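# Residue-level structural notes
So you can see what is in the structure, the chains are spelled out below.
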Amino acid sequence: MLRVMATTVYRACPLCEATCGIAITIDGDRVVSVRGDDADPFSRGYVCPKAAALADLHHDPDRLQRPVVRDGSAWRTVEWDEAFDLVARRLREIRVAHGNDAIAVYQGNPTAHNLGLMTYGQILLRTFRTRNMYSATSLDQLPHMLAALLMFGNQLLMAVPDIDRSDLFVCLGANPLASNGSIMTAPDMRRRLRAIRERGGRVVVIDPRRTETAARADRHLFLRPGTDAVLLLAMIETVFAERLVKTGRVPVSGVDELRRVAADWPAERAAPITGVAAADIRELARALATTPRAVLYGRIGVCTQEFGGLAAWLCYALNALTGHLDEPGGLMFTTPALDLLQVAPLLGYTNGFARWTSRVGRKPEFGGELPMTALAEEIETPGAGQIRALVTSAGNPVLSAPGGRRLERALASLDFMVSIDPYINATTRLAHVILPPASLLERSHYDAALNAFAVRNIAKYSPPTFERPAHARHDWEICLALWRRLGPASKLGPAARLVERVLRKLGPEAIIDLALRTGPHRLTLRRLRAAPHGLDLGPLEPRLPGRLDTPDATVHLAPREYVADVARLAARHASPPGGGLVLIGRRDLRSNNSWMHNSQRLVKGPPRCTLLIHPDDAASRGLADGALARLSTRAGAIELPVEITDTMMRGVVSVPHGWGHGRSGIRLQVATATPGQSVNDIIDPSVIDELSGTSALTGQPVDVAAT
Ligand code: SF4
């Protein structure tokens, strides 16, 4: 028999925001190994343990390859056209009977890593013209986008730390050693953080847990969950009081208003609320203001809390006030080869906030989407506009959204649900039809979204590693087939097939090529194909004021929405903090939300879905290390093994999210053997940031007791 020689191809890892270069060795249709690509100019050979699991995903026997239709609890495989026709017929019937808003859409986090879903996916999903659009945005980053909109004029104009030139990196509510950066595409954070210290700089981490990042920092300060906005106001007050404000060449407005707001929050008032000593608050503010190249980076813990809107605003404002916005080593705007701001409107994205509210809970829309905390109530509540059908794409909201038990009951009550997803997981098991896309290694890849948040300007195109089998369909082909049946093309009669054929021939590559050609670096796909390790397009450059989209071309330091919301913050902290425990999440390098738990190599070893608790809190509750504890809130209760550790702040416990694969009907052999519990089953979905509508996943009270 003829032996096929192993070959190595160079690609970008599509699993997380870091976009590491990978070298995949293949032998025929098998993946032999996945290693770091030493020649990738951005990641320089770094990969995390998840990269090797790409092989597990590709060869996973649980990965669906053909559409399936659910009859009760049984699934039967059907042909693609039968599935497309069924989905189109049911959605059309519901739309005709109940109107556009009766169809809801949920897009999960992997959408941002998926060229097909970023292009043709948007074309399909926005043809539904429904107000019931939902995504993971309102679970993890909406406040950052809101700040970009209100301060810089465009929700996609988020600034990133220029970490490779910074001499002081202040990291608030983030753990980049586990996440490899978020809204900061930066592979190999360990090397980048080490480099700061090697050039004489400092890393300071502020977090309720001494995280992996904090353990390698020069300084770690515990912060009481949910008090980030108070800490930031006190730092801003210090900067004003000590006359350290310098906004440099960046045009700003609202300085006096910000001074007035911050004046009520001196460090001495903030200290008992935040748990950070007043002297530390002032010292940190001074260091930030007087270090020429410094940056304050706030991420997930900053925005997934009751005052996430305020905290995200104040992070940007503090960088601007101390001269670190749009300056090397500070918080900078990127110049990506594909300019998202240019392309997004063409794909149906709109800028806007609170132009309308949800039907039931009166929660504000953002960018045409409603917050996830509105989804269950919009399904459950009868009346005009009630959701009757749901289209999910690359998402598992039953595990990733708060109130998971309530949400799964709501999903089970839908007239129709279709999921574009390769797995029967906690969410898709409730669908009537699942349309599984081809494997990640069978599709092409370009990081249209994540390159826009990279700490260097980079570009890389990855062609498919394997041809997709004839029986499989790419995500974008699935979207196109549904669009032909449901979108404007459906009115063309037989000509619709011709339109679909033309668009299929073009594929997402045509859109990317056009966007690259008209982008700031005037690249082409051809040029990228000739550079398999990717192109380094240079360091971040100052972009202001030209990049601003505000009417007066200034950075708005005190938008009225935020200024008004400070009264809510003051009311919350009018009395001293209570004495109970509060809950925070945590990220693990070997996990990726809910969807990497079917890889044995990633889940092996000690259980990761555990409760971290400070020794004093464990002792006062009679908890022993390794024993089971019961966690209960208004929303429900779960039981988890205890890990006692002084890395936790007193009064705070931590549980990771994305687990809970023990629900009936899930078809993930490895994940169901190591199911864990879903922390979202006990997170109360009614607790939100009232300004932005974002879920308050962090800082909710929890009772912990021995079982
Ligand atoms: S850090 Fe992210 S991009 Fe890099 S190898 Fe790991 S999963 Fe892939």
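The shown structure was predicted, so the numbers you read here are calculated from the model rather than taken from an experiment. (Residues numbered from 1 in each chain as written. Predicted model: local features only at pLDDT ≥ 70, side-chain atom pairs only at ≥ 80, totals over all residues. Heavy atoms only, no water.)

### Here we look at helix α9 (residues 228–241)
- Here α9 is 14 residues long and its end C-alpha atoms lie 20 Å apart, about the 20 Å a rise of 1.5 Å per residue gives.
- By the criterion of burial, α9 is predominantly enclosed, with 13 of the 14 residues buried.
- Directly beyond the C-terminal end of α9, a positive phi value near 50 degrees is found at Arg-243. (Helix = DSSP H or I, 4+ residues; strand = E, 2+ residues; numbered from the N terminus. Expected span 1.5 Å × (residues − 1). Buried < 20%, exposed > 50% of the residue type's maximum accessible area, 1.4 Å probe, protein only.)

### Some details on the packing of α9 against helix α14 (residues 308–321)
- Look at α9 against α14: their axes get within 9 Å of each other, and the N-to-C directions meet at 25 degrees. Overall, the two elements α9 and α14 adopt an arrangement that is roughly parallel. The two elements α9 and α14 meet at a crossing, and its hand is left-handed. Only Leu-310, Ala-311, Leu-314, Cys-315, Ala-317, Leu-318 and Leu-321 of α14 make contact with α9, whose side of the interface consists of Asp-228, Ala-229, Leu-232, Leu-233, Met-235, Ile-236, Val-239 and Phe-240. (Axes fitted to C-alpha atoms, helices over the stretch in contact; angles between N-to-C directions. Parallel < 35°, antiparallel > 145°, perpendicular 65-115°, else oblique. Left-handed = near helix turned anticlockwise from the far one by under 90°. Contact = heavy atoms within 4.5 Å.)

### Focus on a nonpolar patch on the surface
- A surface patch of nonpolar side chains, amounting to about 280 Å² of accessible area, comprises Leu-498, Val-502 and Leu-506.
- Residue position: Val-502 is located in helix α20 (residues 495–518).
- A relative accessible area of 45% places Val-502 in the partly exposed class. (Patch = residues over 30% accessible without salt bridge, like charges linked within 9 Å, V, L, I, M, F, W, Y side chains within 5 Å. Areas by Shrake-Rupley, 256 points an atom, 1.4 Å probe, with all protein chains shown as cover. Salt bridge = Lys/Arg side-chain N within 4 Å of Asp/Glu carboxyl O.)

### With respect to the pattern of salt bridges
- With the rule as written, the count across this model stands at 49 salt bridges.
- Between Asp-280 and Arg-219 there is a salt bridge, with its nearest N and O atoms 3.1 Å apart. Within this pair, whereas Asp-280 is found in helix α12 (residues 278–290), its partner Arg-219 is found in strand β11 (residues 219–221), the two being separated by 61 residues in sequence.
- The network of salt bridges with shared partners includes Arg-405, Glu-408, Arg-429, Arg-663 and Asp-681.

### Re the pairing of strand β4 (residues 68–71)
- Summarising the sheet, β4 and strand β5 (residues 74–77) pair through four bridges and their orientation is antiparallel. In the strand pairing of β5, Val-68 is matched with Thr-77.
- Where β4 hands over to β5, the hairpin turn is made up of two residues, of which Gly-72 adopts a positive phi near 65 degrees.
- Here β4 runs beside strand β19 (residues 433–435); their pairing, made up of two bridges, is antiparallel. Bridge pairing in β19 links Val-68 to Ile-434. (Pairing = 2+ DSSP bridges.)

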